[in-house]
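Here is what each chain is made of, one letter per residue.
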Amino acid sequence: MGLLFSSQDRQLKIVNNQPGDSLLVGFKEVNMDSLNMLNRMAYADTANFMHQKVYPCARCFLRPEAAQALEKANEIAQDKGYRMVVYDCYRPITIQYKMFEIVGNPEWVARPTKGSNHNRGAAVDVSLSDENGNLLDMGGAFDDFSEVSHYSYSNLNKEAKANRKLLRNIMVRAGFIPYESEWWHFDFKQKRYPASGLVWSCND
Ligand SMILES: C[C@@H](N)C(=O)N[C@H](C)C(=O)O
Ligand SMILES: [Zn+2]
């Protein structure tokens, strides 16, 4: 894939894997099953806004510090009697292009020329469930690209407002930065990581 340049003349360095590469160099896998997280990786299934399975399988890779922060968030959630629900972690830049082509609005899908923190392995899309895996009411669905998804959307019932706040507090305590437009999206911005085109394998 080589190098891409953003319109704001910031150079976006894309690291791509070669045929035969199976490991994501520089990333750490978050083992959702052993951590009792709910694996709902949306883009490894057809039930998403693209109606296409665009990931080879449902695995969560992040930069090591971001992975550690997600694990911390999970511990905080579990101490309170909840489970982390994981919709997305690292997202190859090729998929960002595909998403942006469909949605075309940077409020909902970051411009691929600039790159999303998902492409850097430094963002997650998450929610919470109870101990039995029942999703908490967040007042709207994951990837509902409408104002209902704004964290501060006013027309929410009390429970949904409280649940959004609970999720946000857990994630902020763990080191993530919330995104106002999407209640589920959290960035980990401690370092500037390069965007990547690496795609994981499913059998190692
Ligand atoms: C596509 C959606 N789940 C998401 O992550 N959007 C943000 C803005 C992104 O693309 O970084
Ligand atoms: Zn996101």
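Residues numbered from 1 in each chain as written. Chains lettered and ligands numbered in written order. Predicted model: local features only at pLDDT ≥ 70, side-chain atom pairs only at ≥ 80, totals over all residues. Heavy atoms only, no water.

Draft legend 1. Layout of the nonpolar core. Counting residues in each nonpolar core, the largest one holds 55 residues, and the members touching the most others are Leu70, Met84 and Met171. Elements represented by at least two residues in this core include exactly strand E5 (60-62), helix H1 (64-79), strand E6 (82-88), helix H2 (93-103), strand E7 (123-130) and helix H3 (158-174). Element by element, the count of residues in this core is highest for H1, at 7 residues. With residues up to four places along the chain from it excluded, the contact list for Leu70 reads Val30, Met37, Cys60, Leu62, Met84, Val124, Val126, Met171 and Phe176. (Core = buried A, V, L, I, M, F, W, Y, C linked by side-chain atoms within 4.5 Å. Buried < 20%, exposed > 50% of the residue type's maximum accessible area, 1.4 Å probe, protein only. Helix = DSSP H or I, 4+ residues; strand = E, 2+ residues; numbered from the N terminus. Contact = heavy atoms within 4.5 Å.)

Draft legend 2. Local environment of the coordination of the zinc ion (ligand 2). The protein atoms donating to the zinc ion (ligand 2) are His118 (NE2), Asp125 (OD) and His185 (ND1), with metal-donor distances spanning 1.9 to 2.0 Å. Read in sequence order, the donor residues coordinating the zinc ion (ligand 2) give the pattern H-x6-D-x59-H. A residue pair is termed long-range when its members are at least 10 positions apart, and His118 in the loop between H2 and E7 and His185 in strand E9 (residues 185-187) qualify at 67 residues. Look at His118 and you get buried, because its relative accessible area is 1%. (Donors = N, O, S within 2.8 Å, 3.2 Å for Na, K, Ca; no water.)

Draft legend 3. The sheet that holds E9, seen in detail. Within the open sheet, the 5 strands sit side by side as E4-E6-E7-E9-E8. Their pairing is mixed. What marks the edges here is a single partner per strand, and that holds for strand E4 (38-39) and strand E8 (177-178). Bridge analysis of E6 against E7 gives 6 bridges, and the strand direction is antiparallel. Residue pairing in the sheet places Tyr82 in a bridge with Asp130 of E7. Against the sheet, H1 contacts E6 and E7, and its axis sits at roughly 145° relative to E6. In this fold H3 packs onto E6, E7, E8 and E9, with an angle of close to 130° to the strand it touches most, E7. (Pairing = 2+ DSSP bridges. Axes fitted to C-alpha atoms, helices over the stretch in contact; angles between N-to-C directions.)

Draft legend 4. Region of the structure containing the state of the cysteines. Going through the model one piece at a time under the given rule, you end up with 2 disulfides. Disulfide pairing places Cys57 opposite Cys202 at an S-S distance of 2.2 Å. Taking the torsion about the sulfur-sulfur bond, which here is approximately -100°, the covalent link between Cys57 and Cys202 counts as left-handed. Within this pair, whereas Cys57 is found in the loop between E4 and E5, its partner Cys202 is found in the segment after E9, the two being separated by 145 residues in sequence. Given the relative accessible area of 16%, Cys57 is considered buried. Across a sulfur-sulfur distance of 2.0 Å, Cys60 and Cys89 are joined as a disulfide pair. Between Cys60 and Cys89 the sulfur-sulfur dihedral comes to about -95°; the bridge is accordingly left-handed. Residue Cys60 is found in strand E5, and its partner Cys89 is found in the loop between E6 and H2; the two are separated by 29 residues along the sequence. (Disulfide = S-S within 2.5 Å.)

Draft legend 5. Looking closely at the site of ligand 1. Taken together, 15 residues lie near ligand 1, and Arg91, Trp108, Ser116, Asp125 and Asp143 sit nearest. Within the side chain of Arg91, one N or O atom sits 2.8 Å away from an oxygen atom of ligand 1. The contact in question runs from an oxygen atom of ligand 1 to an N or O atom on the side chain of Gln96, over 3.1 Å. If ligand 1 stood free it would expose 320 Å²; the protein chains cover 96% of that surface. Structurally, ligand 1 is housed in the largest pocket. Of the residues that constitute the shell around ligand 1, the class distribution is 7 nonpolar, 4 polar and 4 charged. (Near = heavy atom within 4 Å. Polar contact = N/O pair within 3.5 Å; in protein donor to acceptor, adjacent residues only side chain to side chain. Areas by Shrake-Rupley, 256 points an atom, 1.4 Å probe, with all protein chains shown as cover. 1 Å grid on protein atoms, 1.4 Å probe; cavity = no way out; pocket = protein on both sides within 12 Å on 5 of 7 lines; lining within 4 Å. Sits in = over half its atoms within 2 Å of the grid points. Nonpolar A, V, L, I, M, F, W, Y, C, P; charged D, E, K, R; others polar.)

Draft legend 6. Representation of the UniProt feature "active site" (unreviewed entry) in the protein. When the UniProt feature table is mapped to this numbering, "active site" (unreviewed entry) covers Glu182. By secondary structure assignment, the location of Glu182 is in the loop between E8 and E9. For Glu182, a relative accessible area of 5% gives the class buried. The residues contacting Glu182, other than those within four sequence positions of it, are Glu107, Trp108, Phe145 and Ser149. (UniProt positions renumbered as here; feature names shortened; annotations may be inferred.)

Draft legend 7. Summary view of the UniProt feature "site: Transition state stabilizer" (unreviewed entry) in the protein. Residues given the UniProt feature "site: Transition state stabilizer" (unreviewed entry) here are Arg91. Checked against the element boundaries, Arg91 lands in the loop between E6 and H2. By relative accessible area, which is 5% here, Arg91 ends up buried. Each residue touching Arg91, except ones within four places of it in the same chain, is listed here: Tyr43, Tyr55, Gln96, Met99, Ser116, His118, Asn119 and Asp125.

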